[in-house]
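Chains, contacts and geometry: an overview
Read off the chains here:
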Amino acid sequence: MSRAVITLPLSPLKNHEFSRLVSPIIGETLSKELGANFYLALNLLDSFKDRSDNLDSYLDNINKHKINCDLWVDIDHIELLLEKVFLLIKKNFIYEKKVMMYRCDCGVIEVDKNNIKTCNPNNTLYSFNNDQMVCLKCGSVCKLYEEDELVFDFSKVNNFYVKFMPDYLNKDIKSFNKVILPSYTIISRKRDTGIYINYNNHKYNIDIDFLWEVYVSLFDDDEKVILCGNKELYQLYMVSVLEYVLNSHINSIYVGTPIIEGINDCNFSVNNIDDVITKKLIVILNTKWSVKQRKIDYDLVSKLRRMPLDKKFDIYETICYNNCVGNFNKDLAYIFNEQFNFQKVMKKVKERRNV
């Protein structure tokens, strides 16, 4: 039986920010604790920007911080991702539908009039002014067009259930279930996304986000943790639904990591192994799984920076020690409760020293 920890595909943009390393550091830590493979997924597919120039800088930052991972880059798996799209067509989750679409002049906004409520709640690309949808990029008023589009039909998903952790996230998931599952989402775009399929003798540009959201079904591991910052919970939900319909037997846990306010304040230069271990411990020990968001503990940061390297090694090794019993849910719950808590970890460090 194999286990995997997989990040939601991360953008290499803003790669200088320390916050861009939080998911990779937590993912690496969980993989060591669970005895799992760790896949750092990266999102280079983009309809509007060429992200490839940022990739080398981001990977250089990953290497500087000695984050051990296997890379998975969406642009390297386009054909396999499209195979999953065709499988969804075969299963009748994707089909052609006549819809009314709001579209702006620059093409950034393409929103189905009937399903505005199901859009990503973190979307900041448009606003409403006197009941008119306005694009925040080009400033144009979005016009309505009747046309055929490809849709993914959530209402065909039966008995949907997957595990989300921490448990408080399931309140948001219930809201998504209530709003999204009775509906559908448009997965084609009028603009050229660079990826297209032919369906009923019609060329459809495929939405890039939808394409990469089928990616988890490409991993063959028996037990999987898929994680992201909890501000990306909508995307995590979409990924979970698509894995559910593509894999009939799944054992995946979807994890939304807490937001650490002020983490970018700790983005000091990495000059040696001491700096690497210190920055990893800053992320790990400031991750509090009982809350969605928490300010960084600057006193703890100062304590870690002053601490001798050998003591930091003891702490890090104690955190990453694989002490799992084999029950996936229990193992992850134990890790959240025990291995990210500074006081509990320090107690274990002392116990290990006294053995």
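The structure contained in this document is the topic of the report that follows.

Scoring rules and cut-offs
Residues numbered from 1 in each chain as written. Predicted model: local features only at pLDDT ≥ 70, side-chain atom pairs only at ≥ 80, totals over all residues. Heavy atoms only, no water. Pairing = 2+ DSSP bridges. Helix = DSSP H or I, 4+ residues; strand = E, 2+ residues; numbered from the N terminus. Axes fitted to C-alpha atoms, helices over the stretch in contact; angles between N-to-C directions. Salt bridge = Lys/Arg side-chain N within 4 Å of Asp/Glu carboxyl O. Phe/Tyr/Trp six-rings, centres within 6.5 Å; stacked < 30°, edge-to-face > 60°. Buried < 20%, exposed > 50% of the residue type's maximum accessible area, 1.4 Å probe, protein only. Parallel < 35°, antiparallel > 145°, perpendicular 65-115°, else oblique. Contact = heavy atoms within 4.5 Å. 1 Å grid on protein atoms, 1.4 Å probe; cavity = no way out; pocket = protein on both sides within 12 Å on 5 of 7 lines; lining within 4 Å. Points joined across faces, edges and corners; volume = space filled by probe spheres on them. Nonpolar A, V, L, I, M, F, W, Y, C, P; charged D, E, K, R; others polar. Arc of directions from axis to C-beta. Polar contact = N/O pair within 3.5 Å; in protein donor to acceptor, adjacent residues only side chain to side chain. Expected span 1.5 Å × (residues − 1).

1. Some details on the sheet that holds strand E5 (residues 110–112)
Sheet strands pair by backbone hydrogen bonding; their relative direction is either parallel or antiparallel. With antiparallel pairing, the 4 strands of this open sheet are ordered in space as E5-E4-E8-E10. With one partner strand each, in any of the chains shown, E5 and strand E10 (184–186) form the two edges of the open sheet. Taking the axes of each pair of neighbouring strands and ignoring which way they run, one obtains an average angle of 55° across the sheet. Examined bridge by bridge, strand E4 (residues 94–103) and strand E8 (residues 143–153) share 10 bridges and lie antiparallel to one another. Bridge assignment links Tyr 102 to a residue of E8, and that residue is Leu 144.

2. Describing the pattern of salt bridges
Evaluation of the coordinates by the stated rule reveals 18 salt bridges. Two residues, Lys 64 and Asp 60, come together in a salt bridge whose shortest N-O distance is 3.6 Å. Pair noted here: Lys 64 and Asp 60 are both in helix H2 (residues 52–64), with a separation of 4 residues, about one helical turn. Among the ionic contacts, a cluster of salt bridges with common partners joins Arg 103, Glu 110, Glu 147, Glu 149, Lys 190 and Arg 191.

3. Some words on the packing of aromatic side chains
Aromatic ring pairs are described here by two measures, namely the spacing of the ring centres and the angle between the planes. This model, assessed by the stated rule, comprises 16 aromatic pairs. Between Phe 160 and Tyr 237, the aromatic rings sit 5.8 Å apart at their centres with planes inclined by 80°, giving edge-to-face as the arrangement. Taken as a pair, Phe 160 in the loop between E8 and strand E9 (163–165) and Tyr 237 in helix H6 (residues 233–246) lie far apart in primary sequence, 77 residues in all. Look at Phe 160 and you get buried, because its relative accessible area is 13%. Between the aromatic rings of Trp 289 and Phe 340, the centroid separation amounts to 5.4 Å while the plane-to-plane angle is 90°, which identifies the pairing as edge-to-face. Note that Trp 289 is positioned in the loop between helix H7 (273–285) and strand E17 (293–295) and Phe 340 in the loop between helix H10 (328–339) and helix H11 (342–354), a separation of 51 residues in sequence.

4. What about unusual backbone geometry?
Residue Pro 166 follows Met 165 across a cis peptide bond; omega there is -5°. Topologically, Pro 166 is positioned in the loop between E9 and helix H4 (169–180). Phi angles above zero are rare outside glycine, and Asn 92 is one such case at about 70°. Topologically, Asn 92 is positioned in the loop between helix H3 (78–90) and E4.

5. Brief notes about the sheet that holds strand E2 (residues 37–42)
One open sheet accounts for 6 strands, arranged E3-E2-E1-E14-E15-E9; its pairing is parallel. With partners counted over all chains shown, the strands left at the sheet margins are strand E3 (70–73) and E9, one partner each. Put simply, the sheet's adjacent strands are angled 25° from each other on average, direction ignored. Alignment of E9 against strand E15 (residues 252–257), held across 3 bridges, turns out to be parallel. Of the residues in E15, the one forming a bridge with Lys 163 is Ile 253.

6. Here's the deal with the pairing of strand E12 (residues 196–199)
Where burial is concerned, the two faces of E12 differ: the one with Ile 197 and Tyr 199 is buried and the one with Tyr 196 and Asn 198 is not. Note that E12 and strand E13 (residues 202–206) share 4 bridges and pair antiparallel. From the neighbouring strand, Ile 197 faces E13, where its bridge partner is Tyr 204.

7. Concerning the packing of helix H1 (residues 22–34) against H7
Close contact between H1 and H7 brings their axes to 10 Å; oriented N to C, the two are set at 85°. In terms of their interaxial angle, H1 and H7 are classed as roughly perpendicular. Of the residues in H7, those in contact with Val 22, Ile 25, Ile 26, Glu 28 and Thr 29 of H1 are Lys 279, Lys 280, Val 283 and Ile 284.

8. Brief notes about empty space enclosed by the protein
In this structure the tally under the stated criterion is 1 cavity of 30 Å³ or more. For the largest cavity, the calculated volume is near 30 Å³. Broken down by class, the residue content of the lining of the largest cavity amounts to 5 nonpolar, 2 polar and 1 charged.

9. Some words on helix H8 (residues 298–306)
Spacing of three or four residues puts side chains on the same side of an α-helix, whose turn is 3.6 residues. Restricting attention to buried positions, one finds in H8 the residues Leu 300, Val 301 and Leu 304. Summarising the axial view, the buried residues of H8 lie within an arc of 105°, below the 170-degree limit, and thus occupy one face. Across from the buried face of H8, at angles greater than 90 degrees, the exposed residues are Asp 299 and Arg 306. The secondary structure elements touched by the buried residues of H8 are H7, helix H9 (309–320) and H11. Measuring from the backbone nitrogen of Asp 299 back to the side-chain oxygen at the start of H8 gives 3.1 Å, which picks out Asp 297 as the cap.

10. Some points on the environment of Phe 176
You can see Phe 176 is positioned in helix H4. Along the primary structure Phe 176 and Tyr 237 are separated by 61 residues, whereas in three dimensions their C-alpha atoms are 7.9 Å apart.

11. Thoughts on H9
Under the 1.5 Å per step criterion, the end-to-end length of H9 is 16 Å for 12 residues, consistent within 8% with the ideal 16 Å. For H9, every residue scored as buried is listed here: Lys 312, Ile 315, Tyr 316, Thr 318, Ile 319 and Cys 320. For H9, the secondary structure elements touched by its buried residues are H1, H7, H8, H10 and H11.

12. Some words on the side chain of Glu 28
In this fold, Glu 28 is placed in helix H1. Once residues within four sequence positions are removed from consideration, Glu 28 is found in contact with Phe 38, Lys 66, Ile 67, Asn 68, Lys 280 and Tyr 316.

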